[in-house]
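Here is what each chain is made of, one letter per residue.
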Amino acid sequence: MADHPAAPHPDRTPARAFGTVADAYDRGRPGYPREAAAWLTDLGAGDPVTVLEVGAGTGKLTEQLVALGHDVLATDPDPEMLAVLGRRLPDVRTAVAPAEDLPLPDASVDVVVCAQAFHWLDPDVALPEIARVLRPGGHLALVWNERDERIPWVRRLGRLLGGGQRGESHRALVHSPLFGFVEDRAFRSWQTLNRSTVQDLALSRSHVATRDDAGREELRAQVLAFYDDYGRGMDGMQLPYVVQCFRAGVLERRVVVADEPAHAASPTGDHGTGGTGGPDGAVGGPAEPDATHHATADATPDATGSHLVVTTGSFPAVTDVTKAPDSAVTVDEDTVLLFDFR
């Protein structure tokens, strides 16, 4: 293979590359083992749940989620990919939407899953949006099929296919203040490839789909030569994968309506630490010893004129809200306090 890939075709960009090869993607990409899908959606009770799948593609994971009895809404920003999913699973609800702008109300799903797509998202936008639609007690689950390149011939195929694997994409979830501890689990699976589907596997790579025709044909020839060396004729090629799974529960989000209008902290800067409203601990009581969280006043009354005190997260939790003494605050009837415990 050439040291440098051919230049992208002017009509193809990575953002829409998969749609241009949706059928090859569906034929050439591996599915997911049932036990992995069960772990990704397990909330402890063993019952079917409401699942939002972001970046659902052609339905490789969706098929397993439906087989487990879950109520699934499959979303993807590419309508061509969802069209293939619709032919595969005509009873599944779908919506053309990115993970950064989900067409769902707050706290409306039990689990959000993302298969082979989280590294394409903008985590600074997508993670708050995902947290918004999750119900209390729900979680976000990520999964990647990764070729087991500890095996020399698989590593050689990986060099041909290029494009890399997951890397450290899941780290955005690990460090997110919106989600708790991240659990991980790995499963094993094997994909049977023949002389036709190994070409589809190569052509389904985003960096291949964006090449011009000559560049794609060059790679196709190289992959076929590799298959002829390592394939097993009618038995095909058994390509091993490690299925890397991660899940993390959404942290508690509280909305407390204060009986009395809340007031902004004194402009002198004496607003305490860990969410206290002043030197007397007017809001939320004494701070935790190691707390470094700060209160910010950046909100307005709602349409009814009520003043809201809003907290996100659960470390520490605000258990009650009381009016601060006049000596500790500047009176401003149009101000509310917004606490963000991150």
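Sequence positions are assigned chain by chain, starting from 1 and proceeding in written order. Given that this is a predicted model, residues contribute local features only at a pLDDT of at least 70 and side-chain atom pairs are listed and counted only at 80 or more, while totals for whole chains, interfaces and linings are drawn from all residues. With hydrogens and water excluded, all non-hydrogen atoms of the structure serve as input to the side-chain values.

**Remarks on the overall build of the protein chain**
- Looking only at helices and strands, the protein chain features eleven helices and eleven strands.
- In this scheme, a residue with accessible area under 20% of its type's maximum is buried, one over 50% is exposed, and one in between is partly exposed, where area comes from a 1.4 Å probe on protein chains only. Expressed as a percentage of its 342 residues, the buried residues of the protein chain come to 48%.
- Whether two residues touch is decided by their heavy atoms; if any such pair falls within 4.5 Å, the residues are in contact. For the protein chain, the proportion of contacts with a sequence separation of at least 24, taken over those separated by at least 6, is 77%.
- Here the Shrake-Rupley method, with its probe set to 1.4 Å, supplies the accessible areas, and only the displayed protein chains count as covering residues. As presented, the protein chain carries roughly 16700 Å² of accessible surface, and 50% of it is formed by carbon and sulfur atoms. To qualify as a helix, a DSSP run of H or I must reach at least 4 residues; to qualify as a strand, a run of E must reach at least 2; elements of each kind are numbered from the N terminus.

**What to know about the pattern of salt bridges**
- Definition used for salt bridges: Asp or Glu carboxyl oxygen within 4 Å of a side-chain nitrogen of Lys or Arg. In this structure the tally under the stated criterion is 14 salt bridges.
- Its salt-bridge partner being Asp200, residue Arg27 comes within 2.9 Å of it at the nearest N-O pair. Of the two residues, Arg27 is situated in helix α2 (residues 22-28) and Asp200 in helix α9 (residues 197-203); the sequence distance between them amounts to 173 residues.
- The partner of Arg195 in a salt bridge is Asp228, with the nearest N and O atoms 3.1 Å apart. Highlighted residues: Arg195 in the loop between β6 (179-193) and α9 and Asp228 in helix α11 (residues 213-230), separated in sequence by 33 residues.
- Each of Asp26, Glu63 and Arg88 takes part in salt bridges that share partners, so that together they form one network.

**Looking at the nonpolar core**
- Among the nonpolar cores identified, the biggest contains 29 residues, and Leu52, Val112, Leu140, Leu142, Leu173 and Phe179 are the most heavily contacted of them.
- Elements supplying a minimum of two residues to this core: β1 (50-54), β4 (109-115), α6 (123-133), β5 (134-147), β6 and β7 (237-250).
- The next biggest cluster of nonpolar side chains, apart from the first, holds 24 residues, and it includes Trp39, Leu61, Ala74 and Val113. Nonpolar cores were defined as sets of buried Ala, Val, Leu, Ile, Met, Phe, Trp, Tyr and Cys residues, with membership established by side-chain atoms within 4.5 Å.

**A look at the sheet that holds β5**
- The seven strands are arranged β3-β2-β1-β4-β5-β7-β6 in an open sheet whose pairing can be described as mixed. On the outer flanks of this sheet lie β3 (93-96) and β6, each paired with one strand and no other. With strand direction ignored, the average angle separating the axes of adjacent strands in the sheet is 20°.
- Strands pair, by our definition, only if DSSP identifies at least two bridges between them. When β1 meets strand β2 (residues 71-76), the two strands line up parallel, connected through four bridges. For Thr50, the partnering residue across the bridge sits in β2 and is Asp71.
- Fitted lines through C-alpha atoms give the axes, limited to the stretch in contact for helices. The angle between two N-to-C directions lies from 0 to 180 degrees. Across the sheet, α6 touches β1, β4, β5, β6 and β7, and the angle it forms with β5 is around 130°.

**A closer look at the confidence of the model for the protein chain**
- Mean pLDDT over the protein chain stands at 76; residues scoring 70 or higher make up 64%.
- Predicted confidence is poor over residues 1-15, with pLDDT under 50, and the contacts of this stretch with residues over four places away or in other chains come to 30 contacts.
- Low pLDDT, under 50, characterises residues 262-324; the stretch is placed with 129 contacts to residues that sit more than four places away or in other chains. What pLDDT conveys is the predictor's confidence in a given residue, as a value from 0 to 100.

**Examining the environment of Ser189**
- Its location among the elements puts Ser189 in strand β6.
- Through-space distance from the C-alpha of Ser189 to that of Leu239 is 8.5 Å; in sequence the pair is 50 residues apart.
- Among residues more than four places away in sequence, those in contact with Ser189 are Pro33, Asn145, Leu239, Pro240, Tyr241 and Val243.

**Side note on the packing of aromatic side chains**
- Whether two aromatic rings pair depends on their centres lying within 6.5 Å, for rings of Phe, Tyr and Trp, where Trp uses its six-membered ring; planes under 30 degrees apart make the pair stacked, over 60 edge-to-face, and the rest tilted. Enumeration according to the criterion identifies three aromatic pairs in this entry.
- Feature note: the residues Phe118, Trp144 and Phe246 constitute an aromatic cluster, connected by ring pairs.
- Positioned above the aromatic ring of Trp39, the side-chain terminus of Arg247 is 4.1 Å from the ring centre. Two conditions define a charge sitting above a ring: the NZ of Lys or the CZ of Arg must be within 6 Å of the ring centre, and it must be within 35 degrees of the ring normal.

**Details of unusual backbone geometry**
- Positioned with a positive phi, Ala107 is a non-glycine residue whose angle comes to about 50°.
- Tracing the sequence through the fold places Ala107 in the loop between β3 and β4.
- For Ala107, a relative accessible area of 37% gives the class partly exposed.
- Here Gln116, not a glycine, exhibits a phi torsion of approximately 60°, which is positive.

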